[in-house]
Amino acid sequence: MKNNTKKQLILQKDSLSSIKCWFLSRLLNTDSEKGYVLVISLAILFGLASLVLVYARSSRIEQVSNTASVDSTSGFYGAEAALNERANEITKIYQSNSVPSGTSPESTMACFDNSISDGTGDYQCKTYQFSGGDSERSGYSATTYVLEKNGGVGNVGNVPPGDNHAGLNMIEYGHSIIALAFKDSDVQQRQQQGSGQGRGAIAILQMDIKNRLIPLFQFAAFYKDDLEIFPGATMTLSGPVHTNGDLYIGNKLEVDGDVTTAGEDLFASKGNDSAKKGNNPSPVSPSNYESQVKTPFDINDLRVGIDPLGLPEPDFLNSSGEYFTKADIRIKFTPTGTNQSTYGEDIPFTIEVIERTQANNTPVSAPVAVSLTSAQRHSLRQPILVSEQLASIASSSESFDNNTSSKFYSKAKNPDFSTCKPIYKADFSDMRKNIKSAFPSTWNSLTPQQKRDAAQFAHQLLVTRVQEEESPLKFTDLDLVGNNGVDNLTFTNIPNIPPSLQTNLVAKLNSLTANEIAALPYPDASGNTVQRCFVPAPLTDIGRDASTHNKPPFRFFNNRENDNKGRDMRLLQINMKSLTIWNYEGIYLDGSQLKSANQLLFKTVSADSSAPANSFQALGMAARDTSDDGLVMYLTIDSNSYTNAGGNTSRYGFAIVEGNQLPGLGSDNTFNLNDPTGLTIASDQAVYLQGDYNTRNKQPASILSDSLNVLSNKCFDPNKVINKEDNMNCNDSTKNNNNSLGNALQTVMNVAFLAGNDVTKGGQYNGGLENYPRLHESWSSTPLRYRGSFVSLGTPYHVNGKWPGTGGKFYNAPNRQWGYDTEFNDAKNLPPLTPRFSAMKQESFIRSFDQ
């Protein structure tokens, strides 16, 4: 059986061999062409198979290469975007008038290692995410951090030649920003594998930048929006001019300084002010400027279309902004309605005081806001009887250089200071007729000691009675006969009357007015004759009239508001001279005790003999605050309680009067190494600035407000208040020919302004730079002398009164003797908390391939 099987297998094998031989013989027996075709076909088949394998491999390599290229490109652009975003964040900090703070990471790996500090504050690690472009592609991320240069200390200097705004003072800070880009899927894989996340970056970039902070008050005019200047009379502006919009200028203007505009167009007047924004003017080519416009510009000083400058946000003046936060004195207006029975008795303001500088001129480490008490605030509403020291200063008047080209023309020639002038002469020759003969003989019969005892006793009782008044006394009340204008002011049956006083003298004191009592002449300890006097209340509430209200003692009617129909405003008036005196030697009544108000508002420095004679600084009344370069006062009203104050038809504001001297340190002082300080007043409401300002012991000064109104020396009634009823000029019966407005008096101001300015729309001109200060009087070519800087960062938030045009109903234009204050070119002369614009400059851009 086995043999049979074996034999069959052999047969089968032989059969197969026979078949093979037959097949081969058949192939060999075909013609030669068919054989060649078959061989070639087989070769092609094998070749194509090889090509497919090669193509598949090459395609895979190309796909991987393309993916890597896309990742590299996406990572690069992502890292670049992250760099730009981080640079913008740093720049915005500078725009808010602050400086970045914090610490940088210890190393690049710190951004990915929880055991190492990844930095703090504005310098710490921060990651930005961006998509991969389609749903199948992994997203990307870029991790950034910031390194500060020069230890974070800004370099003080001038903008170098060739750069925009060359020559201006600046503080320059340097930073390096690092960005590492990653593919998200790679990061996740490395995290799962425990590998360092900082490895495997697909792009590493570095950008070195410089941020320049340039003070806005180094410009004669600086506008965020379009700047229009069309003065009716020839006008010269000394100093640089800039607008972040377009520039519109008339042919009676000369600018002595660089002119720059971020707008693309420069517009010029072509007859009848046709270039005003509302009249759709045609732009003027800078190259043809001089041939088209006769304004004397130096073409080399004109730059059109520069990069817009980074500016503070418009809300930086609100009650959560920088000026509120850094203020040394905060005053919040809280008026009571004139229809309330308690009107006149309620104290319409609160005050917070923050001490920021110690006696040794070092910063207070943890400043705390302290609120003045009700008794202290009550005292600020009443006239102040000045001390022997201040009353002894001889009266002086100031005059000014008439040479308008002189830098001193806006400073008083004789800056001696006197607080007040006694109402009556020491010999009683100008007293009231009915007591002129009787009282002097009685008074002159007293011994020097009796005179001193009688006067000092009478003065203490007078101050007590004034402080006991529930409602504010008018300044003219101090001259009222009968009860002396002051309630319960009587010298009979008073305990502790000095025994040296004669009985008949006590009775005669009852016949005197408060001003006459203050003016009683008596010898001081040195034998010099002293007559004391009153200064007005530091703070005064100016009400508004209505048929259903109690008539307020003072009003201010603004013709411009309410669509030029006019509106009574509700203002809190701040008398700078009285406020400084109250802080030095004011008295308030705490229960039944008279207490000193000395240094309740700000701490003072010792008397400085290097300052002008009898100035606040020379008398030891000046503020020692050097934080942020001097005193900052912030004025506001609670818009939640006074809803109208938060809209654009606010009826509220603040008036600043008698500010010819400010309580800062002038150029020569020993406390701050000859670096002046000065005063900045900031408000989110309208400000009305009245009279000569900062002309004695001139200091750095600025006013920042929602809108800015200027009133002349004439706009001050006998009660020492800006009181304007209807179309009358500040309680002045003198009218001009149009029988509407009274006449202004020459006024001199040295102060930088920042305020909102209207926008020209639909042919409604905004008044231009020449009407930046809102005027309310008939100046009729009376000089308004001004040295400072005009800055506008947009339209007012809370005042919608438009420029009313000319014609005498609202105002008549002054002789604008205006100029840039060149002292601002020195950084130490800039006002406290001067706002700055930020200009970022990229120094280098580096791509690194190191891991």
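Since this is a predicted model, take the numbers as computed values, not measurements.

Draft legend 1. How the structure looks around the overall build of the protein. Scanning the protein from terminus to terminus reveals 16 helices and 38 strands. Counting all 851 residues of the protein, 52% fall into the buried class. Split by element, the accessible area of the protein, about 37700 Å² in all, is 48% carbon and sulfur.

Draft legend 2. Broad picture of unusual backbone geometry. The phi torsion at Glu658 lies on the positive side, around 45°, for a residue other than glycine. For Glu658, the location among the structural elements is in the loop between strand S29 (652-657) and strand S30 (679-683). You will see that Ser780, though not glycine, has its phi angle at about 45°, which is positive. Structurally, Ser780 is set in the loop between strand S35 (774-775) and strand S36 (783-792).

Draft legend 3. Looking closely at the state of the cysteines. Evaluation of the coordinates by the stated rule reveals two disulfides. Through a disulfide, Cys111 is tied to Cys125; the S-S separation comes to 2.0 Å. On the sign convention where negative means left-handed, the S-S torsion of about -75° between Cys111 and Cys125 marks this disulfide as left-handed. One end of the pair, Cys111, is in the loop between helix H2 (32-95) and strand S1 (126-130); the other, Cys125, is in the loop between H2 and S1, with 14 residues separating them in the sequence. On the basis of relative accessibility, which here comes to 18%, the residue Cys111 falls in the buried class.

Draft legend 4. Expanded view of the layout of surface pockets. Estimates place the volume of the largest pocket at around 760 Å³. Lining of the largest pocket is provided by 28 residues; of these, Thr419, Lys577, Glu658, Asn660 and Lys720 occupy positions nearest its centre. Here the residues of the lining of the largest pocket are counted per class, giving nine nonpolar, eleven polar and eight charged.

Draft legend 5. Representation of the environment of Gly756 within the structure. Take Gly756: it is sitting in the loop between strand S34 (747-755) and S35. Along the sequence, Gly756 and Tyr772 sit 16 residues apart, while their C-alpha atoms lie 8.6 Å from each other. Once you skip the residues sitting within four places of it in the chain, Gly756 turns out to touch Ser705, Asp706, Ser707, Ser792, Gly794, Thr795 and Pro796.

Draft legend 6. Examining helix H14 (residues 576-585) more closely. Buried residues dominate H14, accounting for ten of its ten residues. Among the residues of H14, those classed as buried are Met576, Lys577, Ser578, Leu579, Thr580, Ile581, Trp582, Asn583, Tyr584 and Glu585. Near the N-terminus of H14, the side chain that reaches the backbone nitrogen of Lys577, with its oxygen 3.2 Å away, is that of Asn575.

Draft legend 7. Broad picture of the confidence of the model for the protein. A residue-level look at the protein finds 80% of positions with pLDDT of 70 or above and a mean pLDDT of 82. Here residues 1-28 is modelled with pLDDT under 50, and outside its nearest four sequence neighbours on either side it reaches zero contacts, counting other chains as well. Low pLDDT (under 50) marks residues 269-273, which in the prediction has twelve contacts with non-local residues, meaning those over four places away or in another chain.

Draft legend 8. Local environment of the packing of aromatic side chains. As enumerated under the stated definition, the model contains 23 aromatic pairs in all. When the ring of Phe76 is compared with that of Tyr77, the centres are 5.5 Å apart and the planes differ by 75°; the resulting orientation is edge-to-face. Owing to a relative accessible area of 17%, Phe76 belongs among the buried residues under this scheme. Seen from their ring centres, Tyr765 and Trp803 are 5.4 Å apart, and the 80° between their planes marks the pair as edge-to-face. Residue Tyr765 is found in the loop between S34 and S35, and its partner Trp803 is found in the loop between S36 and strand S37 (815-820); the two are separated by 38 residues along the sequence. Overall, the relative accessible area of 7% leaves Tyr765 in the buried class. Three or more aromatic residues joined by ring pairs make a cluster, and in this case those are Phe753, Tyr772, Tyr786, Phe790 and Trp818. Arg330 extends its terminal NZ or CZ atom over the ring of Phe324, reaching a point 4.2 Å from the ring centre.

Draft legend 9. Representation of the pairing of strand S25 (residues 567-575) within the structure. Counting buried residues along S25, nine of its nine residues qualify, which places the element largely inside the surrounding structure. Across the two faces of S25 the burial is the same, with Arg567, Met569, Leu571, Gln573 and Asn575 and Asp568, Arg570, Leu572 and Ile574 all buried. Here strand S23 (residues 539-542) pairs with S25 via four bridges, running antiparallel. Considered in S25, the bridge of Ile542 is made with Leu571. As paired strands, strand S24 (residues 556-558) and S25 are joined by three bridges and run antiparallel to one another. Looking across to S25, one finds that Asn558 is bridged to Arg567. Across six bridges, the pairing between S25 and S29 is parallel.

Draft legend 10. Just the pattern of salt bridges, in detail. Summed over the entire model, instances satisfying the criterion amount to 26 salt bridges. Salt-bridge contacts for Arg567 lead to Glu561; the nearest nitrogen and oxygen are separated by 3.9 Å. For Arg567, a relative accessible area of 10% corresponds to the buried category. Overall, the relative accessible area of 2% leaves Glu561 in the buried class.

Draft legend 11. Spotlight on the environment of Thr677. With respect to the helices, strands and loops of the structure, Thr677 is situated in the loop between S29 and S30. Owing to a relative accessible area of 2%, Thr677 belongs among the buried residues under this scheme. What Thr677 contacts, discounting residues up to four positions off in sequence, is Asp625, Thr626, Asp629, Gly630, Gly664, Leu665, Asn672, Pro700 and Pro832. Side-chain polar atoms of Thr677 contact the backbone nitrogen of Leu665, separated by 2.9 Å.

Draft legend 12. Structural context of the environment of Glu313. With respect to the helices, strands and loops of the structure, Glu313 is situated in the loop between strand S15 (302-304) and helix H5 (322-326). Note on Glu313: relative accessible area 53%, which makes it exposed. In this structure, the C-alpha to C-alpha distance between Glu313 and Ser96, residues 217 residues apart in sequence, is 7.1 Å.

Draft legend 13. Main features of the side chain of Thr580. With respect to the helices and strands, the residue Thr580 is situated in helix H14. Setting aside chain neighbours within four positions, we find Thr580 in contact with Phe602, Phe616, Met621 and Pro663.

Draft legend 14. Just the nonpolar core, in detail. Ranked by internal contacts, the top residues of the largest apolar core, which has 115 residues, are Ile351, Tyr693, Phe753 and Leu769. In this structure Phe753 touches Phe217, Leu689, Ile703, Leu708, Val710, Tyr772, Tyr786, Ser789, Phe790 and Val791, once residues within four positions along its chain are discounted. The next biggest cluster of nonpolar side chains, apart from the first, holds 35 residues, and it includes Leu385, Ala454, Val506 and Ala514.

Draft legend 15. Summary view of helix H10 (residues 448-468). Relative to the 30 Å expected for 21 residues at 1.5 Å per residue, H10 spans 30 Å between its end C-alpha atoms, a close match to the ideal helical length. Counting buried positions over the 21 residues of H10 gives 15, a clear majority of the element.

Draft legend 16. Quick look at the side chain of Arg560. In this structure, Arg560 sits in the loop between S24 and helix H13 (561-564). Polar side-chain contacts of Arg560 include one of 2.9 Å to the backbone oxygen of Lys802. Those residues in contact with Arg560, other than ones at most four positions away along the chain, are Asp758, Arg774, Gly801, Lys802, Trp803, Pro804 and Phe810.

Cut-offs and rules
- Numbering of residues starts from 1 in each chain and follows the order in which that chain's sequence is written.
- Per-residue local features are limited, in this predicted model, to residues with pLDDT of at least 70; the limit for side-chain atom pairs, both in listing and counting, is 80 or more; totals at the level of whole chains, interfaces and linings are taken over all residues.
- Excluded from the side-chain calculations are hydrogens and water; all other atoms, namely the structure's heavy atoms, are used.
- Comment: elements are numbered from the N terminus, with helices defined as DSSP H or I runs of at least four residues and strands as E runs of at least two.
- Each residue's exposure class comes from its accessible area (1.4 Å probe, protein chains only) as a fraction of the maximum for that residue type: buried when under 20%, exposed when over 50%, partly exposed otherwise.
- Accessibility throughout is a Shrake-Rupley quantity obtained with a 1.4 Å probe, and a residue counts as covered only by protein chains that appear here.
- Criterion for a disulfide: a pair of cysteine sulfur atoms at a distance within 2.5 Å.
- The definitions used throughout rest on a 1 Å grid laid over the protein atoms alone, on which a cavity is an enclosed set of points accommodating a 1.4 Å probe that cannot get out and a pocket is an open set flanked by protein within 12 Å on both sides along at least five of seven lines; lining residues are those having an atom within 4 Å of a point.
- Grid points are joined across faces, edges and corners, and a volume is the space filled by probe spheres set on the points.
- Amino acid classes used here: Ala, Val, Leu, Ile, Met, Phe, Trp, Tyr, Cys and Pro are nonpolar; Asp, Glu, Lys and Arg are charged; the rest, including Gly, are polar.
- In what follows, residue pairs with any heavy atoms lying within 4.5 Å of each other are defined as contacts.
- For the purposes of these results, a polar contact is taken to be a pair of N or O atoms within 3.5 Å, where, inside protein, one atom must be able to donate a hydrogen and its partner to accept one; residues adjacent in sequence count only when each atom of the pair is a side-chain atom.
- Think of pLDDT as the predictor's per-residue confidence, scored from 0 to 100.
- The rule is short: rings of Phe, Tyr and Trp, with Trp giving its six-membered ring, pair when the centres are within 6.5 Å, and they are stacked under 30 degrees, edge-to-face over 60, tilted in between.
- We call a charge positioned over a ring when the NZ of a Lys or the CZ of an Arg lies within 6 Å of the ring centre and within 35 degrees of the ring normal.
- The pairing criterion is simple: DSSP has to find at least two bridges between the two strands.
- Any Lys or Arg side-chain nitrogen found within 4 Å of a carboxyl oxygen on Asp or Glu counts as a salt bridge.
- We call a set of buried Ala, Val, Leu, Ile, Met, Phe, Trp, Tyr and Cys residues a nonpolar core when their side-chain atoms join them within 4.5 Å.
- Given the number of residues in a helix, its expected span is that number minus one, multiplied by 1.5 Å.

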